[in-house]
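Descriptive structure summary
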Amino acid sequence: MATSNGGKSPSKMGPKVLFYSLLLTLQYGAQPLISKRCIGKEVIVTSSVLTCEIVKVVCALVLMARDGSLKGLAKEWTLMGSLTASGLPAAIYALQNSLLQISYRSLDSLTFSILNQTKIFFTAFFTFIILRQKQSVQQIGALCLLIMAAVLLSVGEGSNKTSSSGITPEQVLFSGIIPVLVASVLSGLASSLCQWASQVKKHSSYLMTVEMSIVGSLCMLVSTLKSPDGEAIKRHGFFHGWTALTMVPVISNALGGILVGLVTSHAGGVRKGFVIVSALLVTALLQFAFEGKPPSSYCLVALPLVISSISLYQKYPYLDKKKKKVPWRAAPFNSINFYAYDTYRGQLLRLSGNEETTNFERFVAGAAAGVTASLLCLPLDTIRTVMVAPGGEALGGVVGAFRHMIQSEGFFSLYKGLVPSLVSMAPAGAVFYGVYDILKSAYLHTPEGKKRLQHMKREGEELNAFDQLELCPMRTLLYGAMAGACSEAATYPFEVVRRHLQMQSHARKLKHCGYLCEDH
């Protein structure tokens, strides 16, 4: 989908982009453990970073030679174009890293983590300013969830760092808060410029990797001349402390840099932020698997937040006003879902003869409710998918889309993706209602919950509407969010398959119509 300026709006992730994102997530998540095991304490940091940049350049050149683009790029390359596309972002990133180093010394880990994660918002902001790529309300909410998860993961990782003593409020403001906010702004600007260069100016991501590595290496060499690392290299040599294993993290990091360029080019800077935060969870899982270090409570809370944010961001892209949503799809689906769940749960309770539904009965009732709602509402969802697909606005609204589907493909085309829909909604309903009812039941059996129930029975109708609820509004929202996150985590892959099947047939029809028009 093209933006107004000609850039690509990465609202949908194809198999190639998904593959690059998964590889980057694994690489970024495993890099800390690989570096810790393979790089000795004697290795000079600057030597490993510079070697990584050299390896990155070599790998990018090899990949360009392999796909046949090296000769063409060599003829078209200009210094001014290189400085505009890669030199400026590289210089901005260098300045950003310096500001982060300054602010980290003056702020405690919590404040630093919260302020540093605002770079995700600034990336979305500059993507809109430079590329005119808008975010839907749901996507903005997903970004908020992602920032919360990133803060939790960062705080959990650096919770042992206490605030520095002897720092005045003025130093905290001017040497801590302002530098990290400026660094976040610069990070968002540089990421958006990289995306603009690759998507609008059609600058090769491999070429950008080469150019930015060279500019970054030159900046590092200049800063190393009078740094402690520079003195250590003069005294001990460039490869002091190196072994054969040292090249493993260096090569891994270099490949990660190439993947960053590919993900930014194809998916955009905002989605790159999702990949980076997801990689923090991978790091926690790998630490548990290989070092026996259990994930912190921060990590366990952040996990459903990350999953929910990714699902929301992918599921609700921004739609032009011409591509209107079908507003009445959610109402019947949720109404049928809730009614069916209460009906099935009541029937199961009556059949079992128990005073309270068991966890198994809750899961069965939830699964049956999800299947029932899917069977009745899938045609509405199929029509909505066709309407928002490219060319869907020409069908003439809901009635036109319905008529087009019936006439061109038959009635059962409205049930495209039925199997993945049922496979996804059964566990979705089971997990959502099961988790919510389990949390609610657990609370009501606590002393606080029992006290609330006794108060409700004693006061009766004299209570206001909120006090008549078994759960307070905030607890209801919390349990609902947790249940929703678990449900999304269980069913998101099936949702992607269902959408793909619904659009596949429609895309073939539009392509066929295009060929007929060309023939005439």
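Residues numbered from 1 in each chain as written. Predicted model: local features only at pLDDT ≥ 70, side-chain atom pairs only at ≥ 80, totals over all residues. Heavy atoms only, no water.

**What to know about the overall build of the protein**
On a plain count of helices and strands, the protein comes out with 19 helices and 0 strands. A separation of at least 24 residues holds for 84% of the contacts in the protein among residues at least 6 apart in sequence. When the accessible surface of the protein is totalled, it reaches about 27900 Å², and 67% of it is carbon and sulfur. (Helix = DSSP H or I, 4+ residues; strand = E, 2+ residues; numbered from the N terminus. Contact = heavy atoms within 4.5 Å. Areas by Shrake-Rupley, 256 points an atom, 1.4 Å probe, with all protein chains shown as cover.)

**Some thoughts on the packing of aromatic side chains**
Applying the stated rule across the entire model yields 7 aromatic pairs. Pairing Tyr 341 with Tyr 433 gives two aromatic rings, centres 4.0 Å apart and planes at 10°, and the pair type is stacked. With Tyr 341 in helix α14 (residues 330–352) and Tyr 433 in helix α17 (residues 418–444), this pair connects stretches of sequence that are 92 residues apart. Ring geometry for Phe 432 against Tyr 433: centres 5.3 Å apart, planes inclined by 85°, an arrangement best described as edge-to-face. (Phe/Tyr/Trp six-rings, centres within 6.5 Å; stacked < 30°, edge-to-face > 60°.)

**What about helix α6 (residues 119–131)?**
The end-to-end C-alpha distance of α6 is 17 Å, a good match for the 18 Å that 13 residues give at a rise of 1.5 Å each. Looking only at α6, the buried set comprises Ile 120, Thr 123, Ala 124, Phe 126, Thr 127 and Leu 131. Backbone geometry just after α6 places Arg 132 at a positive phi near 60°. (Expected span 1.5 Å × (residues − 1). Buried < 20%, exposed > 50% of the residue type's maximum accessible area, 1.4 Å probe, protein only.)

**Quick word on the pattern of salt bridges**
Throughout the structure, instances matching the rule amount to 4 salt bridges. As a salt-bridge pair, Glu 53 and Lys 56 come within 3.4 Å of each other at their nearest N and O atoms. With a gap of 3 residues between them, Glu 53 and Lys 56 both fall in helix α2 (residues 45–66), about one helical turn apart. According to the relative accessible area criterion, Lys 56 is buried, its value standing at 12%. As a salt-bridge pair, Asp 342 and Arg 345 come within 3.4 Å of each other at their nearest N and O atoms. You can see Asp 342 and its partner Arg 345 sitting in helix α14, 3 residues apart, about one turn around the helix. Since its relative accessible area comes to 45%, Asp 342 is described here as partly exposed. In this structure Arg 345 comes out as partly exposed when scored by relative accessible area, which is 27%. One continuous salt-bridge network, built from bridges that share partners, spans Asp 342, Arg 345, Arg 362 and Asp 437. (Salt bridge = Lys/Arg side-chain N within 4 Å of Asp/Glu carboxyl O.)

**Considerations on the nonpolar core**
Counting residues in each nonpolar core, the largest one holds 20 residues, and the members touching the most others are Ile 120, Leu 143, Leu 153, Val 270, Phe 274, Val 277 and Tyr 313. Of all the elements in the fold, those that place two or more residues in this core are α6, α7 (137–157), α12 (269–291) and α13 (297–315). Looking at this core element by element, the count peaks at 8 residues for α7. Tyr 20, Leu 73, Val 210 and Ala 267 belong to the second largest nonpolar core, which has 16 residues in total. (Core = buried A, V, L, I, M, F, W, Y, C linked by side-chain atoms within 4.5 Å.)

**What about unusual backbone geometry?**
Of note, the phi angle at Arg 132 is positive, near 60°, even though the residue is not glycine. With respect to the helices, strands and loops of the structure, Arg 132 is situated in the loop between α6 and α7.

**Digging into the confidence of the model for the protein**
In this model, the protein carries an average pLDDT of 76, and 79% of its residues clear a pLDDT of 70 or more. Here helix α19 (residues 473–519) stands out as the least confident element of the protein, with mean pLDDT 61; α2 is the most confident, with 89. Segment residues 322–326: pLDDT under 50, and 11 contacts once partners within four positions in sequence are set aside and those in other chains are kept. Across residues 510–520, confidence stays below pLDDT 50; counting only partners more than four residues off in sequence or on other chains, it has 2 contacts. (pLDDT = per-residue confidence, 0-100.)

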